[in-house]
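Topology and contacts: notes
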Amino acid sequence: MALLFAICVTSAVPEASAQGPEGLTGVYSNKGGTLAIVEGSNETLVHFSGSFPQGESAGTCDCALVVQKKTATNWSLQQAGEEDAWTLRVNPKQFVLESGPSPSCCGAGYPGKDTFARSTARPLGICKVKVSKAGFHASDAANTPRKAFVVSGDAVEAYVDPVEPDFLAARFQGPQKATAGLLKREDLDCAAESAPKAAVKAPVAADKLQPFAGTWVELTRQGKGFVVLKPCSAATRSFTVKPATGEVEVQLGQEATTLKVTSVEPGKGAGAWVLGLTSADGKPEALQWKTADAAKGTVSVNSPDLFSQSHDYVRQEKKSAFPSKQETGCDEYER
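Residues numbered from 1 in each chain as written. Predicted model: local features only at pLDDT ≥ 70, side-chain atom pairs only at ≥ 80, totals over all residues. Heavy atoms only, no water.

Re the packing of aromatic side chains
For the structure on display, the rule yields 14 aromatic pairs. Note on F48 and Y110: the rings are 6.1 Å apart at their centroids and 45° apart in plane angle, and the pair reads as tilted. Taken together, the residues F48 in strand 4 (residues 44–54) and Y110 in the loop between strand 8 (94–98) and strand 9 (113–117) connect sequence positions 62 residues apart. Judged on exposure class, the residue F48 and its partner Y110 are both buried. Pairwise contacts between aromatic rings join F212, W216, F239, W273, W289, F307 and Y313 into one cluster. Taking NZ or CZ as reference, K133 lies 4.4 Å from the ring centre of F149, over its face. (Phe/Tyr/Trp six-rings, centres within 6.5 Å; stacked < 30°, edge-to-face > 60°. Helix = DSSP H or I, 4+ residues; strand = E, 2+ residues; numbered from the N terminus. Buried < 20%, exposed > 50% of the residue type's maximum accessible area, 1.4 Å probe, protein only. Lys NZ or Arg CZ within 6 Å of the ring centre and 35° of its normal.)

Listed below in structure tokens is the structure:
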């Protein structure tokens, strides 16, 4: 079960312990993933999500971790119900995350290591408690209820993962200490979880998006040409541009995410455009778009995150012009 991360930052509740400095709490990113850290006086929660090459397709990680031991430079972490330990090295300029031999929260072939620059730190979004009393739960396999709680109207800063979870990993802010644990997602109103209103951009007009409209299916280079590859344990990557809502829905293979298109600008050269995208948590991303072959309906796209490993796409209605191929070595996923 994927987990999100949050910080409660308002009124004190007698059963919730109070908190001190925020420390390293925040969200850090690289080209392929995100590292979220929530520090409390009772425990520290870490969430890692990312993608990596997996044969001819891409694998993913979605890992909810709890810190077992912590020093200033080295943290030992573990997943609930798992024995393999993870390590987070805290260096002056970056975090280095290393997994155990075979992490169950990652696809086959995960290289076991990821780095995140500390300079990429960004604040979390905002949610509010919408029930009279929202109890914390432990970060164990059973999500055991605890005594600590927050109450209606308490503000919560939250990292919004594209995959909606049942719980948010949270931290209640008190006068001196912080209580970290899990809150039920349904107990929180996260309508204001994106960037502050002054920074939110409206989606572009439908007529500007019409040339890009439709579903685009990933092409995989094979020899001198392309094929439509069906991965062993995931859907073929694709994305859909929706002019009516000003959104792009991106199918990543094992999960999907939706972003707003907040700008469309001409790129360098004929058939080149730059689409400004904004995620649910307010993170911007520039999508470089280039028409490869208008007759065949193919384009080349690139961006720092979502399209950093997947670049060639064809309109769905024209994909039959390319051979379809099943990824090899699928027997290992069937065992």
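Some details on unusual backbone geometry
Positive phi values are uncommon outside glycine, yet N143 reaches one of about 50°. Tracing the sequence through the fold places N143 in the loop between strand 11 (133–137) and strand 12 (145–151).

Points about the state of the cysteines
For the structure on display, the rule yields two disulfides. Here C63 connects covalently by a disulfide to C105, the sulfurs 2.0 Å from one another. Residues C63 and C105 are joined by a disulfide whose S-S torsion is about 90°; by sign, that bridge is right-handed. Taken as a pair, C63 in strand 5 (residues 57–70) and C105 in the loop between strand 8 and strand 9 lie far apart in primary sequence, 42 residues in all. Here C63 and C105 have matching classes, each one buried. (Disulfide = S-S within 2.5 Å.)

A word on the sheet that holds strand 24 (residues 284–293)
Read around the closed barrel, the eight strands follow the order 17-20-21-22-23-24-25-26; overall the barrel is antiparallel. Geometrically, the sheet is characterised by an average inter-axis angle of 35° between neighbouring strands, direction not taken into account. Here six bridges tie strand 22 (residues 256–266) to strand 23 (residues 272–278), and the two strands are oriented antiparallel to one another. What sits directly across from S263, in strand 23, is G276. (Pairing = 2+ DSSP bridges. Axes fitted to C-alpha atoms, helices over the stretch in contact; angles between N-to-C directions.)

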